[in-house]
Amino acid sequence: MVQVNADYLKLKAGYLFPEISRRIKDFSANNLAADLIRLGIGDVTEPLPMACREAMKLAIDEMGTEQGFRGYGPEQGYQWLREAISENDYVSHGCEIAPEEIFVSDGSKCDSSNILDILGKENKIAVTDPVYPVYVDTNVMAGRTGEANSKGEYKGLSYIPINSENGFEAQIPKERFDLIYLCFPNNPTGAVATKEQLASWVEYAKEKNSLILFDAAYEAFIKDDSIPHSIYEIKGARDCAIEFRSFSKNAGFTGTRCAFTVIPKSLKGKAGKQEIDLWSLWNRRQSTKFNGVSYIVQRGAEAAYSKEGKAQIKRLVNFYMDNAQIIKANLTSAGFEVFGAINAPYAWIKTPKNMSSWDFFDFLLEKANVVGTPGSGFGAAGEGYFRLSAFNSRENVEKAMERIVKL
Ligand code: MLT
């Protein structure tokens, strides 16, 4: 019989979101009439921006002509999209990121997992707690951890708590780590990192020769002008950070699939004593394992940077952030302690009466028919918290709030 990758057996239960779906399915099977409102997974609900749709339609028509047809595209992404990203997301914000340093992909979830392919197994890794579970689970799958303890913490990973006591700020560790995952605006807590905080991380990484994996998938939701959208807004970050970005949440591409990863050419790692540049390794990895994102989708993503595209995306982002505000205001006035939801589309709620996260999940599901995400699914420090996503229609968000407030 074939041997399986036994590291998968170390994974705790199911991946969070499939586990939630399983519970909803069971609940729905026994409560056929229940009108469920889903504020669980951060999946967008509003239609794709017109500018992106028009661009994709044109691209489909081009593909139907002899001259316009395209087969395999460049594995790194089409140059025109990489240029649009470089100019609009970086250069115009004072960040020196060249088009060649941008690798277009089909998702940040995949990229933040695949990056482990080019990083050695002996690296000491730190994640925040709570954390986007993909960073942890992919390290487990890749055999970079030991077993989990009863709290779900894996041997071999270090956890940096972000909680109400430290203002949801990831404190700089005394210890040296090779690899640190940071996500700001944060999923799940909705917290943001100030320029000073990110500068301290960059300083730490440069001093300790560490690599920061910076997930900026929610940067479009930042309202406060003083909060950095990219780690490259911090001087020196080109030498110590990789950044992941996505069109999923801002342009509604969760189902369309397009994202990108920035690997500055100045980033170095080592193999034994030899210095190796990470860009070349990632380029080699992508060229071998990836055939690029479809031409049609990349044209759609490019249109996100047109004048119309930008305006439409701004409206989408504002729409979801108004939802976030409605969630925060309603729950706060109902006596809940609510964090986040100001510069991020997630509200991070302290569960009432010290209920466990999963108990509160079941309670809301049964009594209000509202689905959220249990904080403990994001790590041990998420226990006693609950995440509500602002990605839904206004009607559903208002209805959900009415039901919860009444409880
Ligand atoms: C979430 O709900 O945390 C997100 O949808 C996860 C993701 O973007 O993969």
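What you see is a predicted model; the values in this text were computed from it and never measured. (Residues numbered from 1 in each chain as written. Predicted model: local features only at pLDDT ≥ 70, side-chain atom pairs only at ≥ 80, totals over all residues. Heavy atoms only, no water.)

Chemist: Tell me what's going on with the overall build of the chain, and back it up with residues and numbers.
Modeler: In terms of regular secondary structure, the chain is built from eleven helices and 15 strands. Expected size for 407 residues packed as a compact globule is a radius of gyration near 22 Å; at 21 Å, the chain falls within 12% of this value. The C-alpha extent of the chain, read off along each of the three principal axes, is 55 × 55 × 50 Å. Taking all 407 residues of the chain together, 53% fall into the buried category. Of the contacts made within the chain by residues no fewer than 6 positions apart, 73% connect residues no fewer than 24 positions apart. When the accessible surface of the chain is totalled, it reaches about 18300 Å², and 51% of it is carbon and sulfur. Each charge class in the chain was averaged separately, 48 positive and 52 negative side chains, and the resulting centres sit 2 Å apart. (Helix = DSSP H or I, 4+ residues; strand = E, 2+ residues; numbered from the N terminus. Rg over C-alpha atoms; globule rule 2.2 N^0.38 Å. Buried < 20%, exposed > 50% of the residue type's maximum accessible area, 1.4 Å probe, protein only. Contact = heavy atoms within 4.5 Å. Areas by Shrake-Rupley, 256 points an atom, 1.4 Å probe, with all protein chains shown as cover. Lys, Arg positive; Asp, Glu negative; His and termini not counted. Charge placed at Lys NZ, Arg CZ, Asp CG, Glu CD.)

Chemist: Tell me what's going on with the site of the ligand, and back it up with residues and numbers.
Modeler: Lining the immediate surroundings of the ligand are Phe-17, Ile-41, Gly-42, Tyr-132, Asn-187, Tyr-218, Lys-249, Tyr-346 and Arg-387. Note that an oxygen atom of the ligand is positioned 2.7 Å from one of the side-chain N or O atoms of Lys-249. In this structure, an oxygen atom belonging to the ligand sits 2.6 Å away from a side-chain N or O atom of Arg-387. Protein contact buries 85% of the 270 Å² of open area that the ligand shows by itself. Built from parts of two domains, the shell around the ligand gets at least three residues from each of domain 1 (6-47 + 308-406) and domain 2 (53-306). (Near = heavy atom within 4 Å. Polar contact = N/O pair within 3.5 Å; in protein donor to acceptor, adjacent residues only side chain to side chain. Domains from an automatic or database assignment.)

Chemist: Would you mind going over the sheet that holds strand β15 (residues 385-389) in detail, with residue names and values included?
Modeler: Spatial ordering of the open sheet is given by β11-β12-β15-β14, a layout of four strands whose pairing is antiparallel. Across the chains shown, the open sheet's two edge strands, defined by having one partner strand only, are β11 (338-340) and β14 (373-374). Inspection of the sheet shows strand β12 (residues 346-350) paired to β15 by five bridges, in the antiparallel sense. Paired with Tyr-346 across the bridge in β15 is Ser-389. (Pairing = 2+ DSSP bridges.)

Chemist: Explain the packing of aromatic side chains to me, and be specific about the residues and the numbers.
Modeler: Enumeration according to the criterion identifies 27 aromatic pairs in this entry. Ring geometry for Tyr-90 and Phe-260: centres 6.5 Å apart, planes at 85°, overall edge-to-face. A residue pair is termed long-range when its members are at least 10 positions apart, and Tyr-90 in helix α3 (residues 79-90) and Phe-260 in strand β8 (residues 259-262) qualify at 170 residues. Residue Tyr-90 is classed as buried on the basis of its relative accessible area of 0%. Measuring from ring centre to ring centre gives 5.1 Å for Trp-358 and Phe-361, while their planes differ by 70°; the resulting arrangement is edge-to-face. Here Trp-358 and its partner Phe-361 are both found in helix α10 (residues 357-368), three residues apart, which amounts to about one turn of the helix. By relative accessible area, Phe-361 is classed as buried at 1%. In this structure an aromatic cluster arises from ring pairing among Tyr-90, Tyr-232, Phe-247, Phe-253, Phe-260 and Tyr-305. Over the face of the ring belonging to Phe-177 we find Lys-124, whose NZ or CZ atom lies 5.4 Å from the ring centre. (Phe/Tyr/Trp six-rings, centres within 6.5 Å; stacked < 30°, edge-to-face > 60°. Lys NZ or Arg CZ within 6 Å of the ring centre and 35° of its normal.)

Chemist: Describe the pattern of salt bridges, with residues and values.
Modeler: On inspection of all chains with the given rule, the structure shows 20 salt bridges. Between Arg-299 and Glu-302 there is a salt bridge, with the nearest N and O atoms lying 2.8 Å from each other. With Arg-299 and Glu-302 both in helix α8 (residues 295-303) and three residues apart, this pair spans about one turn of that helix. Look at Glu-302 and you get partly exposed, because its relative accessible area is 24%. (Salt bridge = Lys/Arg side-chain N within 4 Å of Asp/Glu carboxyl O.)

Chemist: Lay out α8 with the relevant residues and their values.
Modeler: Judged by how many residues are buried, α8 sits mostly within the fold: seven of nine residues are covered. Every buried residue belonging to α8 is among Tyr-295, Val-297, Gln-298, Arg-299, Gly-300, Ala-301 and Ala-303, and all of these are buried. Here the buried face of α8 lies against α2 (50-63), α3, β2 (102-105) and α9 (307-333).

Chemist: Give me the lowdown on the sheet that holds strand β7 (residues 241-246), citing residues and values where you can.
Modeler: Spatially, seven strands are ordered β2-β8-β7-β6-β5-β3-β4 in an open sheet, and the strand pairing comes out mixed. Each end of this open sheet is capped by a strand with a single partner; those strands are β2 and β4 (157-161). Averaged over all neighbouring strand pairs, the angle between strand axes comes to 20°, with direction disregarded. Direction of pairing for strand β5 (residues 179-183) relative to strand β6 (residues 211-215): parallel, over a ladder of five bridges. Paired with Leu-179 across the bridge in β6 is Leu-211. α3 contacts β2, β7 and β8 of the sheet and is inclined by roughly 115° relative to β2. Helix α6 (residues 195-208) contacts β4, β5 and β6 of the sheet and is inclined by roughly 150° relative to β6. (Axes fitted to C-alpha atoms, helices over the stretch in contact; angles between N-to-C directions.)

Chemist: Describe the pairing of strand β10 (residues 274-277), and please don't skip the residues or the numbers.
Modeler: The pairing of strand β9 (residues 268-271) with β10 spans four bridges and is antiparallel. Bridged to Ala-271 within β10 is Gln-274. Where β9 folds back on β10, the antiparallel hairpin that results is connected by two residues, among which Gly-272 adopts a positive phi of roughly 65°.

Chemist: Requested: an account of the packing of α2 against α8, with residues and values cited.
Modeler: Running from amino to carboxyl end, α2 crosses α8 at an angle of 145°, the nearest separation of the two axes being 7 Å. Once α2 is placed against α8, the crossing between them reads as right-handed. Here α2 contributes Ala-51, Cys-52, Ala-55, Met-56, Ala-59, Ile-60, Glu-62 and Met-63 to the contact with α8, which in turn contributes Tyr-295, Ile-296, Val-297, Arg-299, Gly-300 and Ala-303. Class assignment of the residues belonging to the contact of α2 with α8 gives a composition of eleven nonpolar, one polar and two charged. (Left-handed = near helix turned anticlockwise from the far one by under 90°. Nonpolar A, V, L, I, M, F, W, Y, C, P; charged D, E, K, R; others polar.)

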